[in-house]
Amino acid sequence: MMLLIVALIAAALSSCATYRPAPKVFHEATIQPYRLDSGDRLRITVFEQQSLTNTYTVDQAGYIAFPLVGQVAARGATVTQLEGVIAQKLKQGFLRDPDVTIELDRYRSIFVMGEVGQPGQYSYVPGMTVLNAIAVSGGFSPRANQRDVDVTRKINGNILTGRVPITDPILAGDTIYVRERLF
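Residues numbered from 1 in each chain as written. Predicted model: local features only at pLDDT ≥ 70, side-chain atom pairs only at ≥ 80, totals over all residues. Heavy atoms only, no water.

Asker: Let's hear about empty space enclosed by the protein: which residues, and what values?
Answerer: Inspection of every chain in the model, using the stated rule, returns 1 cavity of 30 Å³ or more. As a volume, the largest cavity reaches approximately 50 Å³. Considering the residues around the largest cavity, the lining is formed by Phe-26, His-27, Thr-30, Val-130, Val-151, Arg-153, Val-164, Asp-168, Pro-169 and Ile-170. Of all the elements in the fold, those that place two or more residues in the lining of the largest cavity are helix H2 (24-28) and strand S8 (148-155). Considering only residue class, the lining of the largest cavity consists of 6 nonpolar, 2 polar and 2 charged. (1 Å grid on protein atoms, 1.4 Å probe; cavity = no way out; pocket = protein on both sides within 12 Å on 5 of 7 lines; lining within 4 Å. Points joined across faces, edges and corners; volume = space filled by probe spheres on them. Helix = DSSP H or I, 4+ residues; strand = E, 2+ residues; numbered from the N terminus. Nonpolar A, V, L, I, M, F, W, Y, C, P; charged D, E, K, R; others polar.)

Asker: Provide a residue-level description of the pairing of strand S4 (residues 70-73), including the pertinent values.
Answerer: Residues in a regular strand point their side chains to alternate faces of the sheet. Relative to S4, strand S3 (residues 63-66) runs antiparallel, the two being bridged by 4 bridges. For Phe-66, the partnering residue across the bridge sits in S4 and is Gly-70. What sits between S3 and S4 in their antiparallel hairpin is a turn of 3 residues, with Leu-68 showing a positive phi close to 75°. (Pairing = 2+ DSSP bridges.)

Asker: Could you give me a rundown of unusual backbone geometry, with the residues and numbers involved?
Answerer: We note that Glu-48 has phi near 60°; this positive angle belongs to a residue other than glycine. Along the polypeptide, Glu-48 turns up in the loop between strand S1 (41-46) and strand S2 (54-57). In this structure Glu-48 comes out as exposed when scored by relative accessible area, which is 64%. Phi is positive for Leu-68, which is not a glycine, with a value near 75°. (Buried < 20%, exposed > 50% of the residue type's maximum accessible area, 1.4 Å probe, protein only.)

Asker: Could you give an account of the nonpolar core, with specific residues and numbers?
Answerer: In this structure, Ile-110, Val-130, Val-149, Ile-170 and Ile-176 are the most contacted members of the largest nonpolar core, which totals 23 residues. Contacts of Val-130, omitting those with residues within four sequence positions, involve Val-149, Val-151, Val-164, Pro-165, Ile-166, Asp-168, Ile-170 and Ile-176. (Core = buried A, V, L, I, M, F, W, Y, C linked by side-chain atoms within 4.5 Å. Contact = heavy atoms within 4.5 Å.)

Asker: So what's going on with the side chain of Arg-153? Residues and values would help.
Answerer: Inspection of the secondary structure assignment puts Arg-153 in strand S8. Judged by its relative accessible area of 3%, Arg-153 is buried. Side-chain polar atoms of Arg-153 contact the backbone oxygen of Pro-169, separated by 3.5 Å. Those residues within four positions of Arg-153 in sequence are excluded, and the remaining contacts are Phe-26, Ala-29, Thr-30, Asn-158, Ile-159, Leu-160, Pro-169, Ile-170, Leu-171 and Asp-174. (Polar contact = N/O pair within 3.5 Å; in protein donor to acceptor, adjacent residues only side chain to side chain.)

Asker: Quick rundown of the sheet that holds strand S7 (residues 120-122)? Include the residues and the values.
Answerer: Strand order across the open sheet formed by 5 strands is S7-S6-S10-S8-S9, with mixed pairing between neighbours. A strand with exactly one partner marks an edge of an open sheet, and here the two such strands are S7 and strand S9 (158-165). Each adjacent strand pair in this sheet contributes to an overall mean axis angle of 25°, direction not counted. Inspection of the sheet shows strand S6 (residues 110-114) paired to strand S10 (residues 175-178) by 4 bridges, in the parallel sense. Bridge pairing in S10 links Met-113 to Tyr-177. (Axes fitted to C-alpha atoms, helices over the stretch in contact; angles between N-to-C directions.)

Asker: Let's hear about the pattern of salt bridges: which residues, and what values?
Answerer: This model, assessed by the stated rule, comprises 11 salt bridges. Among the salt bridges present, the one from Arg-143 reaches Glu-115, with a minimum N-O distance of 3.3 Å. Remark: Glu-115 occurs in the loop between S6 and S7 and Arg-143 occurs in the loop between helix H4 (130-136) and S8; sequence separation between them is 28 residues. A relative accessible area of 48% places Arg-143 in the partly exposed class. Accessibility expressed as a relative area gives 14% for Glu-115, which makes it buried. Asp-150 is paired through a salt bridge with Arg-179; the nearest N and O atoms lie 3.7 Å apart. Taken as a pair, Asp-150 in strand S8 and Arg-179 in the segment after S10 lie far apart in primary sequence, 29 residues in all. The class of Arg-179 is buried, set by a relative accessible area of 15%. Beyond isolated ion pairs, a larger network of salt bridges with shared partners links Asp-148, Asp-150, Arg-163 and Arg-179. (Salt bridge = Lys/Arg side-chain N within 4 Å of Asp/Glu carboxyl O.)

The following block contains the structure:
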């Protein structure tokens, strides 16, 4: 009997050792301007240049292939920054005063794993919370911990994981892991 109690206490303490609350930068990322990354699809319009106006996807290396100027780095840039970079490149011998506008056509996907109805890859919608993502993935399984989840997020090139409540906002590209409850 005593051995069973010691084993239960050890198991409980070992699960506490893996608890990682979300760092401050984790929450600050949700209020920062949106940063582009692989998988984002952009609608780029160059005023009065129909041949340049099209939909472009940020590739795995973080670039878009834009006519006339070639590869343009998009990873980590905001939409406004990328508009300026493309306009500047087009000014260098191609157009006199290009007017470039970029809209996000489709955000990169989110991933929901663990104790949910249908784990997998899902479309991100701005303003989405952890609970919304879980609902899209079929809701909690009967064994799910419904208080908080682990979210893995890429911030400034670093991959961070933190435990957050289910009411927290998520970002495009996040991976949500719903743990199994103990009892």
